[in-house]
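Breakdown of the fold
As a plain string of letters, each chain reads:
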Amino acid sequence: MIFCNKSMLLKRISLATGLLVALGCLGGCSVSALSESTRSFSFSPASIFAWRTASVERVEERSDGDARGSRRNLPLIGDMHVVENAQVKRFTRHYASTGRRFTEQALARRRTYNKLLENIFDSYGLPTELVNVAFVESGYVNGARSGSGAVGMWQFTKATARKYGLMVNVFRDERKDFIKSTHAAARHFIYLYDLFDDWYLAIAAYNAGEGRVREAIKVAGTRDFFELAKTDLLRHETKEFVPKVLAATKISQSPRAYGFQLS
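Keep in mind it's a predicted model, so treat the numbers as computed, not measured. (Residues numbered from 1 in each chain as written. Predicted model: local features only at pLDDT ≥ 70, side-chain atom pairs only at ≥ 80, totals over all residues. Heavy atoms only, no water.)

**As for the overall build of the chain**
Helix and strand content of the chain: 13 helices and zero strands. When the elements of the chain are put in sequence order from the N terminus, they spell out α-α-α-α-α-α-α-α-α-α-α-α-α. Residue burial in the chain is summarised as follows: out of 263 residues, 46% are buried. Put simply, of all contacts in the chain between residues at least 6 apart along the chain, 60% involve residues at least 24 apart. (Helix = DSSP H or I, 4+ residues; strand = E, 2+ residues; numbered from the N terminus. Buried < 20%, exposed > 50% of the residue type's maximum accessible area, 1.4 Å probe, protein only. Contact = heavy atoms within 4.5 Å.)

**Quick look at the environment of Gly 139**
Position of Gly 139 relative to the elements: it lies in the loop between helix 7 (132–138) and helix 8 (158–163). When its relative accessible area of 0% is taken as the criterion, Gly 139 is described as buried. The spacing of Gly 139 and Trp 154 is 15 residues in sequence and 9.5 Å in space, taken between C-alpha atoms. Look past the residues within four positions of Gly 139 in its chain and what remains in contact with it is Phe 102, Ala 106, Arg 109 and Ala 134.

**Things to note about helix 9 (residues 178–196)**
Between its first and last C-alpha, helix 9 extends 26 Å over 19 residues, near the 27 Å set by a 1.5 Å rise per residue. Backbone geometry just after helix 9 places Asp 197 at a positive phi near 55 degrees. (Expected span 1.5 Å × (residues − 1).)

**Some details on the nonpolar core**
Proteins that are soluble and globular tend to have nonpolar side chains buried together. Counting residues in each nonpolar core, the largest one holds 61 residues, and the members touching the most others are Phe 121, Leu 126, Trp 154, Trp 199, Val 213 and Phe 225. Listing elements by their share of this core, those giving two or more residues are helix 5 (86–96), helix 6 (100–123), helix 7, helix 9, helix 10 (199–208), helix 11 (210–220), helix 12 (225–228) and helix 13 (236–253). (Core = buried A, V, L, I, M, F, W, Y, C linked by side-chain atoms within 4.5 Å.)

**Here we look at the layout of surface pockets**
Of the volumes computed, that of the largest pocket is approximately 480 Å³. Those elements that provide at least two residues to the lining of the largest pocket are helix 1 (6–27), helix 7, helix 8, helix 9, helix 10 and helix 13. Residues belonging to the lining of the largest pocket are distributed by class as follows: nine nonpolar, nine polar and seven charged. (1 Å grid on protein atoms, 1.4 Å probe; cavity = no way out; pocket = protein on both sides within 12 Å on 5 of 7 lines; lining within 4 Å. Points joined across faces, edges and corners; volume = space filled by probe spheres on them. Nonpolar A, V, L, I, M, F, W, Y, C, P; charged D, E, K, R; others polar.)

**So, helix 10**
Of all 10 residues in helix 10, 10 are buried, a share of seventy percent or more. Within the sequence span of helix 10, burial applies to Trp 199, Tyr 200, Leu 201, Ala 202, Ile 203, Ala 204, Ala 205, Tyr 206, Asn 207 and Ala 208. Buried residues in helix 10 make contact with helix 7, helix 9, helix 11, helix 12 and helix 13. Two residues or fewer after helix 10 comes Gly 209, characterised by a positive phi angle close to 100 degrees.

**Quick notes on the packing of helix 6 against helix 9**
For the pair helix 6 and helix 9, interaxial distance at closest approach is 9 Å and the crossing angle is 35 degrees. Between helix 6 and helix 9 the crossing geometry is right-handed. Of helix 9, the residues touching helix 6 (which contributes Tyr 113, Leu 116, Leu 117, Ile 120 and Phe 121) are Phe 178, Ile 179, Thr 182, His 183, Ala 185, Ala 186 and Phe 189. Among the residues forming the contact of helix 6 with helix 9, the class breakdown is 10 nonpolar, two polar and no charged. (Axes fitted to C-alpha atoms, helices over the stretch in contact; angles between N-to-C directions. Left-handed = near helix turned anticlockwise from the far one by under 90°.)

Structural data, given as structure tokens:
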């Protein structure tokens, strides 16, 4: 009897889909019909509910009558608080001054997607502040591509994208599909929060990888991100990534307070 985990299964389905698409093109069948029917299970409400519930067994169910939780009967992950420290203030000033043009463009793009993005994160019981990770990663540009080959609004590598069921092959790159990639990002955040039980560490791991953050915690003997950031155990990029996300959150919550006019 052969056993395989979910990641292996998704990879095999992705490979099988690519072969089916190739055969379908030769036979004149619809590429979109093949790809969508093969992968529809990944984003069905039933499968989302089952996957979401199973993955947050360590998180206590909220009992404060929160409308979001009662509406879906899904446990909610803890709120993400925005600290006010020197690093966060520094990047808040940067986005409101030197980086103002980038911020204006990113906020304009966010207005196009915001409700859809927040609704997706909300449907998983995730803090909607996490949408600001895409602000830092790409400025909400669907076609963004990094020098290391990460693609899309959420800057997924091929390996991470395929881990969460996104199709990445010569026919299609769903990292550029902002709806499907946002579902994948939400599932990735759940996975990272389950590992670290702390949003700042989860966001750091989104940038640096879970292994690097685990090792930093082990060596430093602390789970406080800002204490870890004082050491040489995290890359400079990761040390700045979390306060950038928090600064983007502050500005997106009150853009007019920072001089950004909304159309």
